[in-house]
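What follows is each chain in one-letter form.
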Amino acid sequence: MPAVNRETGGWTRVVTARPRLSLLLALLFTALAVVAGSGVADRMGSGGWEAPDSQSSYATKALEREFPASQPNLILHVDSGGRRVDDPAVAAEGERLAERLAGERSVAGVTSYWRTQSPGLRAEDGREALIMARIAGDENATADVLDRIANEFRGRQGPVEVSLGGPVAVRHELQTTIQEDLLRAEAIALPVTLVLLVMVFGSAVAALLPLAVGIVAILGTNAVLRGITEFTDVSVFAQNLTTALGLGLAIDYALFIVRRFREELAAGAEPLPAVGATLRTAGRTVLFSALTVAVSLAAMLVFPQYFLRSFAYAGIAVVLLAAAAALVVLPAALVLLGDRVNALDLRKVLRRGRPAPGTGKDAGASWARTARLVMRRAPFFAGATTAGLVFLGLPFLGVKFGTADDRQLPETAESHVVQQHIRDDFPGRPGGTMEILAEGNPSTARLADYSSRISELPGVLRVDGPTGQYVRGERIRKPGPAEAARRSGDVAQISVAPKSKAVDTASQQLVRDIRAVDSSVDASVTGTAAVLVDSKDAIADRLPWAVAIIAVVTLLLVFLLTGSVLIPLQAVVLNALSLTAMFGALVWVFQDGHLSGLLNFTSTGDIETTLPVLMFCVAFGLSMDYGVFLLSRIKEEYDRTGDHQGAVVFGLRRTGGLITAAAIILAVVMVAIGTSRVTNTKMLGLGIALAVLMDAMVVRSLLVPAVMRLTGRATWWAPGPLRRLHARIGLSEGESAAAPASGTASGPDAGSAPTEESEERDPVGAGHR
């Protein structure tokens with residue numbers, strides 16, 4: 001066991017006192033996490049976009065209970081080939097299929113074209129028909145039933161060919177596809193990431209450390225999610241975030257810590273003091289970074305949709321586990337490795353005698369030149385960069401929100417094919433019908449009056465209810481057996497067929513118009529458009545709270561790091577600017593369909609409502625991750641020298657390459673996630689990849705130094721009470737050092753950037769005292 005130096009900080013003594021024991025415990029934790037997290041994907045859901053406490057959710061559950069046939073979630077698409085569906089042999093087989101399906105456990109409300117002769121259940125060419133049913137239970141229960149019966153009904157059945165569709169089949173294929181795609185993404189990301197880490201570090205030993213931290217974080221998060229599924233719903237989509245952030249943040253944190261440790265070794269420190277200096281400097285930065293990212297992700301907990309809440313569960317867990325592994329496990333490994341962290345240097349042949357990365361006077365020189373150039377032309381770079389980012393975000397002004405459906409899946413997916421057949425070949429507006437739950441035992445007269453008034457609304461094609469069928473205020477058909485079945489006890493069900501598509505603007509307005517009808521009937525509206533309206537309203541209602549939480553906590557944390565009032569404001573504004581390209585691309589590519597052939601997805605003409613919220617929270621947190629890395633080194637140098645401009649150059653010199661490398665590696669992981677065949681996952685992966693690259697290569701490299709040059713020494717200003725507060729509770733990278741007095745330099749041009757000669761004399765800077 002290495003001797004503990006008295007100069008080593010308390011935390012360093014804790015994590016390095018028994019380094020072999022620490023690594024053994026980490027290995028044991030990982031093994032237990034593998035066992036605890038096994039099968040987590042099978043317990044996850046593939047929905048969660050609807051607001052559970054909304055009117056549409058209430059009506060849907062009540063209608064499922066009282067009128068199962070009104071809420072079918074399983075569709076059997078029956079293709080008769082060259083025959084017509086009214087052919088006796090085809091009709092007989094259709095009847096047999098419906099009877100068999102009705103006899104299955106947990107299946108109710110079975111109806112078919114052959115039983116009802118409804119024109120909406122027969123294709124316009126007369127060669128295809130539908131059998132519809134309701135599988136009872138939650139997402140996992142319905143998936144189990146589908147697994148049990150699918151092979152009995154799918155495929156050739158006598159003279160017909162049967163395919164499965166409907167919400168249950170779509171969710172099942174989504175879940176299966178996401179699991180398969182995630183395995184492929186991991187198979188792509190891990191080896192590519194290892195190659196990039198070797199290129200960054202040179203040493204194969206150093207390159208393996210970030211991967212080890214990432215694996216601990218990912219496996220630990222899977223175990224946490226497995227536990228959460230015992231108490232609440234968790235979306236299977238959250239596993240993608242677990243992999244992406246687990247690798248990305250672990251690599252970020254490990255890069256920062258290993259890089260600083262190697263700097264300390266290069267400056268002549270022994271391994272244990274080097275780990276102590278690393279934890280006092282880079283370790284504090286990692287802690288701040290993890291807190292800012294966790295807060296951004298935790299903001300999604302304010303939304304009622306479990307799709308968003310699932311990403312908060314996964315994100316918070318993986319961030320904290322990645323930080324814990326980087327601050328506990330990694331230091332123990334570094335103490336044991338010592339100088340061997342540079343072993344197996346695979347770039348010796350390429351360097352041909354040049355110094356190892358990060359140890360020579362030329363390291364970071366290009367970033368220093370970039371910083372000086374940007375600050376000499378600060379107004380131009382600030383204006384041009386801001387204008388460019390705003391321009392890239394302009395397409396988002398035309399965003400249209402919708403709901404996720406079968407078109408998330410590849411065009412060849414069975415449930416997608418079935419739903420596309422229904423959209424293209426069947427009459428009416430399949431999937432767009434609005435259902436009304438009428439409660440309170442309304443009289444026949446009241447139901448008739450209510451149905452008639454709804455049928456007069458603009459955009460209504462017809463209304464079907466227990467009192468008959470209505471068009472433009474007139475009853476055109478008296479109630480028959482089918483209509484009579486729309487009443488059960490003191491509740492009734494009314495269907496509204498809109499003229500518009502399922503979730504377009506007109507359908508959403510029709511939902512609001514129906515809800516605004518003044519009537520004595522106690523009515524609740526559901527359906528695809530109603531679910532979308534309620535989801536949008538829930539997000540609009542909670543979004544200010546989420547943004548406020550992110551902004552306030554970010555401002556507080558950055559103030560604690562820097563002691564400045566202006567820098568936290570700059571951080572929030574510049575982070576928001578870094579996301580504009582992502583949001584613009586979201587609309588231009590995925591909503592408008594540009595590059596759909598190249599990226600192999602089906603454009604629906606809208607963006608799923610919750611996705612921009614998710615991408616904002618994730619991308620904002622990652623941007624703050626890089627922002628904290630840069631600001632911590634700038635603050636460290638400014639505390640040491642009082643030279644504002646020189647501190648900015650120093651910060652970019654020390655972290656520019658590191659941030660860029662981390663962003664490229666994270667982008668590779670996100671692009672691997674973006675190879676998914678599910679459109680929402682593709683959007684998430686490619687969008688976040690674009691956001692982190694823009695943040696690292698444009699905002700941190702150009703906009704931050706330009707803005708800090710323009711604000712000059714005022715960048716570090718804070719009123720007296722806040723300065724005193726920061727002196728008591730503030731934390732910063734490096735040893736405690738009083739900020740330079742306001743008179744140590746004058747004006748924004750005071751001081752000069754460190755020269756290469758001065759950095760050669762002090763290669764590590766303030767972190768090496």
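Residues numbered from 1 in each chain as written. Predicted model: local features only at pLDDT ≥ 70, side-chain atom pairs only at ≥ 80, totals over all residues. Heavy atoms only, no water.

## Here's the deal with the overall build of the protein
A tally of helices and strands in the protein yields 27 helices and 14 strands. A globule of 769 residues ought to have a C-alpha radius of gyration of about 27 Å, and the protein, at 31 Å, matches this closely. Principal axes of the C-alpha set define a box for the protein whose edges measure 95 × 50 × 40 Å. Across the 769 residues of the protein, 55% fall into the buried class. Taking all contacts inside the protein whose residues are at least 6 apart in sequence as the whole, residues at least 24 apart take part in 80%. (Helix = DSSP H or I, 4+ residues; strand = E, 2+ residues; numbered from the N terminus. Rg over C-alpha atoms; globule rule 2.2 N^0.38 Å. Buried < 20%, exposed > 50% of the residue type's maximum accessible area, 1.4 Å probe, protein only. Contact = heavy atoms within 4.5 Å.)

## Digging into the nonpolar core
Counting 159 residues, the largest nonpolar core has Tyr253, Val319, Leu334, Leu614 and Ile688 as the members making the most contacts within it. Per element, the largest residue contribution to this core is 18 residues, and it comes from helix H11 (residues 306-337). Tyr253 has contacts with Val286, Ser289, Ala290, Val293, Val319, Ala322, Ala323, Ala326, Asp625 and Phe629, leaving out every residue within four places of it along the chain. Membership of the second largest hydrophobic core comes to 35 residues, among which are Leu130, Met132, Val145 and Phe153. (Core = buried A, V, L, I, M, F, W, Y, C linked by side-chain atoms within 4.5 Å.)

## What to know about the packing of helix H4 (residues 88-102) against helix H6 (residues 139-153)
Each pair of packed helices can be summarised by the angle the axes make with each other and by the distance between the axes. H6 packs onto H4 with a crossing angle of 160° between their chain directions and a minimal axis gap of 12 Å. The orientation of H4 relative to H6 falls into the category roughly antiparallel. In this structure, H4 crosses over H6, and the sense of that crossing is right-handed. In this structure, H4 contributes Leu97, Arg100 and Leu101 to the contact, and H6 contributes Ile149, Glu152 and Phe153. Looking at side-chain class alone, the contact of H4 with H6 contains 4 nonpolar, no polar and 2 charged residues. (Axes fitted to C-alpha atoms, helices over the stretch in contact; angles between N-to-C directions. Parallel < 35°, antiparallel > 145°, perpendicular 65-115°, else oblique. Left-handed = near helix turned anticlockwise from the far one by under 90°. Nonpolar A, V, L, I, M, F, W, Y, C, P; charged D, E, K, R; others polar.)

## Quick notes on the packing of helix H7 (residues 167-201) against helix H24 (residues 644-674)
For the pair H7 and H24, the least separation of the axes is 8 Å and the interaxial angle reads 160°. Taken together, H7 and H24 sit at an angle that is classed as roughly antiparallel. Between H7 and H24 the crossing geometry is right-handed. Here Leu182, Ala185, Ile188, Ala189, Val192, Thr193, Leu196, Leu197 and Val200 of H7 lie close against H24, whose contacting residues are Ala661, Ile664, Ile665, Val668, Val669, Ala672 and Ile673. Grouping the amino acids of the contact of H7 with H24 by side-chain chemistry returns 15 nonpolar, 1 polar and no charged.

## Looking at a nonpolar patch on the surface
Together, Leu21, Leu24, Leu25, Leu27, Leu28 and Leu32 give the surface a local cluster of nonpolar side chains, amounting to about 620 Å² of exposed area. Looking at the secondary structure, you find Leu21 in helix H2 (residues 19-36). (Patch = residues over 30% accessible without salt bridge, like charges linked within 9 Å, V, L, I, M, F, W, Y side chains within 5 Å. Areas by Shrake-Rupley, 256 points an atom, 1.4 Å probe, with all protein chains shown as cover. Salt bridge = Lys/Arg side-chain N within 4 Å of Asp/Glu carboxyl O.)

## Thoughts on the sheet that holds strand S4 (residues 155-157)
With antiparallel pairing, 5 strands are arranged side by side in an open sheet as S2-S3-S1-S5-S4. This sheet does not close on itself; its edge strands, each paired only once, are strand S2 (107-112) and S4. Geometrically, the sheet is characterised by an average inter-axis angle of 25° between neighbouring strands, direction not taken into account. With 6 bridges joining them, strand S1 (residues 74-79) and strand S3 (residues 128-135) adopt antiparallel strand pairing. (Pairing = 2+ DSSP bridges.)

## Describing the pattern of salt bridges
Applying the stated criterion across every chain, the model contains 31 salt bridges. A salt bridge links Arg423 to Asp406; its shortest N-O distance comes to 2.7 Å. Of this pair, Arg423 sits in helix H15 (residues 414-425) while Asp406 sits in the loop between strand S6 (401-402) and H15, and the two are 17 residues apart along the sequence. For Arg423, a relative accessible area of 29% translates into the label partly exposed. Ionic pairing is found between Asp449 and Arg453, a salt bridge with its closest N-O pair at 3.8 Å. With Asp449 and Arg453 both in helix H16 (residues 444-455) and 4 residues apart, this pair spans about one turn of that helix. Of the residues examined, Asp449 reaches a relative accessible area of 41% and is grouped as partly exposed. Its relative accessible area of 32% is what places Arg453 among the partly exposed residues. Several salt bridges converge on common partners, so that one network encompasses Arg259, Arg260, Glu263, Glu264, Arg633 and Glu636.

## Some thoughts on unusual backbone geometry
Positive phi, normally seen in glycine, also occurs at Ser106, with a value near 70°. Along the chain, Ser106 falls in the loop between H4 and S2. If you check the backbone angles, Leu595 has positive phi at about 70° while not being a glycine. Looking at where Leu595 falls in the secondary structure, it is placed in the loop between helix H21 (580-591) and helix H22 (596-599).

## Side note on the packing of aromatic side chains
Aromatic ring pairs are defined here through the distance separating the ring centres and the angle between the ring planes. Throughout the structure, instances matching the rule amount to 11 aromatic pairs. An angle of 5° between the planes, with centres 4.3 Å apart, marks the rings of Phe256 and Phe629 as stacked. Taken together, the positions of Phe256 in helix H9 (residues 238-266) and Phe629 in helix H23 (residues 611-641) put the pair 373 residues apart, joining distant regions of the chain. By relative accessible area, which is 3% here, Phe256 ends up buried. According to the relative accessible area criterion, Phe629 is buried, its value standing at 2%. (Phe/Tyr/Trp six-rings, centres within 6.5 Å; stacked < 30°, edge-to-face > 60°.)

## Description of the confidence of the model for the protein
Confidence in the prediction for the protein averages 85 pLDDT; 90% of positions are at 70 or higher. The lowest-confidence element of the protein is helix H27 (residues 756-761), averaging 38 in pLDDT; the highest-confidence one is helix H14 (residues 378-393), averaging 95. Counting contacts from residues 356-361, a segment whose pLDDT is below 50, to residues more than four positions away or on other chains yields 11 contacts. Per-residue pLDDT stays below 50 along residues 733-769; that stretch engages in 83 contacts with residues further than four places along the chain or on separate chains. (pLDDT = per-residue confidence, 0-100.)

## Quick notes on the environment of Leu614
Following the sequence through the fold, Leu614 ends up in helix H23. Classification of Leu614 by relative accessible area gives buried; the value is 0%. When the C-alpha atoms of Leu614 and Phe307 are compared, they prove to be 9.2 Å apart, with 307 residues separating the residues in sequence. If we skip the residues at most four places from it in the chain, Leu614 touches Met300, Phe307, Leu308, Phe311 and Leu684.

## A word on helix H13 (residues 365-376)
Because the α-helix completes a turn every 3.6 residues, residues three or four places apart line up on one side. Over its 12 residues, H13 runs 17 Å from end to end, which matches the ideal 16 Å to within 8%, given 1.5 Å per residue. If you check which residues of H13 are buried, you get Ala365, Ala368, Ala371, Val374 and Met375. (Expected span 1.5 Å × (residues − 1).)

## Overview of the pairing of strand S12 (residues 491-498)
For S12, a buried count of 8 out of 8 residues is recorded, marking the element as mostly surrounded by other parts of the structure. Burial of S12 is two-sided: the residues Val491, Gln493, Ser495 and Ala497 facing one way and the residues Ala492, Ile494, Val496 and Pro498 facing the other way are all buried. With 5 bridges joining them, strand S7 (residues 434-439) and S12 adopt antiparallel strand pairing. The residue of S12 that forms the bridge with Glu435 is Ser495.

## Things to note about the environment of Thr229
Structurally, the position occupied by Thr229 is in the loop between helix H8 (204-228) and H9. When the C-alpha positions of Thr229 and Gly45 are compared, they lie 9.5 Å apart, and in sequence the two are 184 residues distant. Beyond its immediate sequence surroundings of up to four residues, Thr229 is in contact with Arg43 and Val234.

## Here's the deal with H21
For H21, built from 12 residues, the straight-helix expectation of 16 Å at 1.5 Å per residue is met to within 8% by its first-to-last C-alpha distance of 16 Å. The buried count for H21 comes to 10 of 12 residues, which makes it a mostly enclosed element. Those residues of H21 not exposed but buried are Thr580, Ala581, Met582, Phe583, Gly584, Leu586, Val587, Val589, Phe590 and Gln591. Looking at the buried residues of H21, the elements they touch are H14, helix H20 (566-578), H22, strand S14 (607-608), H23 and helix H25 (679-711).

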